[in-house]
Amino acid sequence: MNSILIGEIVNIHGIKGEVKVYPYTDDIENLAKTKVFYLDQDLKDKYNISCRIQKNMLLVKIKGVDTPEMAESLRGKKVYIPKESLKKLEEGSYYIEDLLGLEIVDENKNHIGTLKYIFNTGANDVYEVETKEHGNIYLPAIKQVIKKVDTKNGKIYVEIMKGLI
């Protein structure tokens, strides 16, 4: 896929057609520099934008969207940017999209499940893992649990601490 999901339009802001975008990244400063985004993952519906940050949300003015009614029609839309416009991450950091769907493997190389969703609790990220045996389980993304991420081979190696399953 040539695009990456960066957020979702969750509300309107003001009377001039601005929208609030909930970012799916903690690098909101970099997202605020974005000048173009798309509302489909095929990168067909291109929108020229200007952004600013307010309370960990992006306030986005889309060229041509000038009324609250026009902005309201975009609520719930997912926001994408071209993958090549992303900055390179430092070692040990990953884009969520690169982790979703990876196999979760324990310290004995036993299959645990598949990473389905990542959310942030404030203290750390939490990985929602779909398992056959236990349904969904939740693993804190801390170094005591997440031992190795191998995106090349599609695996995340974990140590299951007592009480997590």
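Let us look at the structure shown here. All values reported here derive from a predicted model rather than from experimental measurement.

Details of the pattern of salt bridges
Next, step 1: Evaluation of the coordinates by the stated rule reveals seven salt bridges.
Next, step 2: Residue Glu8 pairs with Lys78 through a salt bridge whose shortest N-O separation is 3.0 Å. Of the two residues, Glu8 sits in strand S1 (residues 3-13) while Lys78 sits in strand S6 (residues 78-82), which places them 70 residues apart along the sequence.
Next, step 3: The partly exposed category is assigned to Glu8, whose relative accessible area is 21%.
Next, step 4: Lys116 serves as the salt-bridge partner of Glu130, at 3.8 Å between the closest nitrogen and oxygen.

Here we look at the packing of aromatic side chains
Given two aromatic rings, one states the distance between the centres and the angle between the planes to describe the pair.
Next, step 1: For the structure shown, the criterion picks out four aromatic pairs.
Next, step 2: Centre to centre, the rings of Tyr22 and Tyr24 are 5.9 Å apart; their planes meet at 70°, and the pair counts as edge-to-face.
Next, step 3: By relative accessible area, Tyr22 is classed as partly exposed at 45%.
Next, step 4: Relative accessible area serves as the criterion here: at 28%, Tyr24 is assigned to the partly exposed category.
Next, step 5: The interplanar angle of 55° and the centroid separation of 6.3 Å between the aromatic rings of Phe37 and Tyr47 together place this pair among those described as tilted. With a gap of 10 residues between them, Phe37 in strand S3 (residues 36-38) and Tyr47 in strand S4 (residues 46-54) connect regions that are remote in the sequence.
Next, step 6: For Phe37, a relative accessible area of 2% puts it in the buried group.
Next, step 7: The exposure class assigned to Tyr47 is partly exposed, which follows from its relative accessible area of 22%.
Next, step 8: Linked through ring pairs, Tyr117, Phe119 and Tyr138 together constitute an aromatic cluster.

Rules and cut-offs
Residues numbered from 1 in each chain as written. Predicted model: local features only at pLDDT ≥ 70, side-chain atom pairs only at ≥ 80, totals over all residues. Heavy atoms only, no water. Salt bridge = Lys/Arg side-chain N within 4 Å of Asp/Glu carboxyl O. Helix = DSSP H or I, 4+ residues; strand = E, 2+ residues; numbered from the N terminus. Buried < 20%, exposed > 50% of the residue type's maximum accessible area, 1.4 Å probe, protein only. Phe/Tyr/Trp six-rings, centres within 6.5 Å; stacked < 30°, edge-to-face > 60°.

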